[in-house]
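Structural overview for review
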Amino acid sequence: MTDGQDNVEETIQVDITAVREDGTTDTVGDDVMGTIFGDVGTNSFKFAVTGSAERSDYISAEHPDCGPVLCQIGSIVRKTSITLEKALDAECNDASRDKIIATADVIGYKDDKGLLQIPRTTFLAGTRVRRAEPDFIRKVLGLRDDSKTCAYIGMLRGYDMPMMLDINNLVQRHVSILAKTGGGKSYISGDIIEELMKHNVTCVIVDPHGEYGAMREPSESGDERFGIEPHGYSDSIIEFGVQESDDMKPLRFTFKSLDSRDILDLLPSSDSKNGLSALNKAMEAVKERKPLYSVKDVIDELSASESGKVYSLMADLEAVDALGLFAERGTHITELIQKGKTTILNLKGVAPDIQQIIVRRLGTMLFELRKADKVPPLMMVLEEAHNYCPQNEGTLCKKIITTIASEGRKFGLGLMVISQRPAKIDKNVLSQCGTQIILKVTNPNDLKAITASIEGLTGGMEQDIPGLPIGTAMVVGAGIQTPMLVEVRPRESRHGGASVQILENDDDE
């Protein structure tokens, strides 16, 4: 900034009827927030604040060529005449001569074809800046209010304006939900899944912590402002787990679907890795006798043919058999995927390497069946996605996840990745997510990964992310053309991912 510009900012005087450069005047009203001054660009400008203003507020300014243009406050500073010496004076409290200066980022206007455009010429200094009306915000940003095709996720922060995401866009272009631990990522993912269930969209949720089964039950209370009433979704949910229970059906895969190298990857003992040749022979021998076979059949064949030479391999296979995940006949696809239903794969307590085998089998099956149109279009939800498709290492399921991210949209297979460590997710997956929902993130590496993947993120918005309060999300995509701050709506169903309270207050007794 030049010395001259700095002097202008410090001495700017705002009159009640300031004259524009074109000779016209404008009278200050209740909606006027200030006046443009100084050097004015096409993408941003400064204005002297005369009304109430906060960072991220939406404003409008009249452009000489384009008419009213929507902008957003990116930063606010206070220019003061109080020097260091005055500040050290305990009696110095006169801030009456302070000037409030805001920087506005230009969002744009809708042209005759309904396309969002940014002016190619500058605003005029002296132009009044006004608080943007909700209808104007909705028009310029193309916000939809269509409960038939959209998912209601909350309110635009600072406005009682419902925020809705286009469901077709959600599934077709994939979604990422990113936040630090406790930032509310599972909460808002539950909001979206509730909306998908309302619209009878088929979903499959990979749930490593066993949280989503709680959505069968209604929440404890509603919220009048958001128009939310408690509601459980037991009629829409089917839950599978490795261990069978009253609420969960058993999840089983056929053992013959794994090749010998896949099986060795499951085994914990390094001594078992030397048994590849013996395992291949045993599996070939079993296949000749039985088209469908179990882990126990392979163990019996090893015992008979190798006569104790592969004790470690057999012991590890017995441990895999004890998991109960593999059987002669697996869970049939018509039971696992049902049109309009949400299937939860509860993997709580399942070892990470076994989870990766499950996700690989599931992802491969869904991808191939969608290509053949044998299952309905669906959304695959992947909690703790950094464990399944990490950036700097390979996993058993990484390849199929990246394939779904890059090709799934062509076949109606959507992907929702949820993570507390954005920097650890494979960039090829994250870059394919057309809808991004960001909650509070403070890790510098994670912030760098996020800002590199979001188009249209201004400096002010980037600064907002570490300070986002719980319950506020930055959203872009699925019909939202520029990043917007959203107050996340309360859940209708019970949230199963709430933190465990270690100590109770006396008031709770």
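The structure presented is a predicted model; accordingly, all values stated were derived computationally and were not measured.

Calculation notes
- Residues numbered from 1 in each chain as written.
- Predicted model: local features only at pLDDT ≥ 70, side-chain atom pairs only at ≥ 80, totals over all residues.
- Heavy atoms only, no water.
- Helix = DSSP H or I, 4+ residues; strand = E, 2+ residues; numbered from the N terminus.
- Expected span 1.5 Å × (residues − 1).
- Buried < 20%, exposed > 50% of the residue type's maximum accessible area, 1.4 Å probe, protein only.
- Arc of directions from axis to C-beta.
- Disulfide = S-S within 2.5 Å.
- Pairing = 2+ DSSP bridges.
- Salt bridge = Lys/Arg side-chain N within 4 Å of Asp/Glu carboxyl O.
- Polar contact = N/O pair within 3.5 Å; in protein donor to acceptor, adjacent residues only side chain to side chain.
- pLDDT = per-residue confidence, 0-100.
- Contact = heavy atoms within 4.5 Å.

**So, helix α9 (residues 311-322)**
For α9, built from twelve residues, the straight-helix expectation of 16 Å at 1.5 Å per residue is met to within 8% by its first-to-last C-alpha distance of 17 Å. Inspection of α9 places L313, M314, D316, L317 and V320 among the buried residues, and these make up the whole buried set. On an axial view of α9, the arc spanned by its buried residues comes to 165 degrees, and they lie on one face. Every exposed residue of α9 that faces more than 90 degrees away from the buried side is listed here: Y311 and A322. Where α9 terminates, the next one or two residues include G324, which has phi positive at roughly 75 degrees.

**Focus: the state of the cysteines**
Scanning all chains against the criterion turns up zero disulfides. Lacking any disulfide linkage, C389 is separated from the closest cysteine sulfur, that of C397, by 7.4 Å. A relative accessible area of 0% places C397 in the buried class.

**Notes on the pairing of strand β10 (residues 175-178)**
Burial of β10 is two-sided: the residues V175 and I177 facing one way and the residues S176 and L178 facing the other way are all buried. Across four bridges, the pairing between β10 and strand β18 (residues 413-419) is parallel. Note that in β18 the partner of S176 across the bridge is V417. Two elements, β10 and strand β19 (residues 435-438), share four bridges in a ladder whose sense is parallel. Each residue of the ladder has a partner; that of V175, found in β19, is T435.

**Here we look at the pattern of salt bridges**
Considering all chains together, one arrives at 24 salt bridges under this definition. Where D166 meets R144, a salt bridge forms, and the shortest distance between an N and an O atom there is 2.4 Å. With D166 in strand β9 (residues 162-166) and R144 in the loop between α3 (134-141) and β8 (150-156), the pair connects residues that are 22 residues apart, well separated along the chain. Judged by its relative accessible area of 11%, D166 falls in the buried class. For R144, a relative accessible area of 34% gives the class partly exposed. Note that D160 and R225 form a salt bridge whose closest N and O atoms lie 3.0 Å from each other. With D160 in the loop between β8 and β9 and R225 in the loop between β11 (202-207) and β12 (237-241), this pair connects stretches of sequence that are 65 residues apart.

**Some points on the side chain of H386**
Along the chain, the position of H386 falls in the loop between β17 (378-382) and α12 (398-407). Separated by 2.8 Å, the side chains of H386 and S419 make a polar contact.

**Structural notes on the sheet that holds β17**
Read from one edge of the open sheet, twelve strands run β9-β8-β21-β20-β19-β10-β18-β17-β11-β16-β12-β13, paired in mixed fashion. Because the sheet does not close on itself, it has two edges, and the strands there are β9 and β13 (249-250). Strand direction decides the pairing type here: β17 and β18, joined by five bridges, are parallel. Bridge pairing in β18 places M380 opposite L415.

**Topic: the confidence of the model for the chain**
Scored by pLDDT, the chain comes out at a mean of 85, with 87% of its residues at no less than 70. Mean pLDDT across the secondary structure elements of the chain bottoms out at helix α1 (residues 3-11), with 43, and peaks at β11, with 97. In the model, residues 1-28 has pLDDT below 50 throughout and makes 53 contacts with residues more than four positions away in sequence or in other chains.

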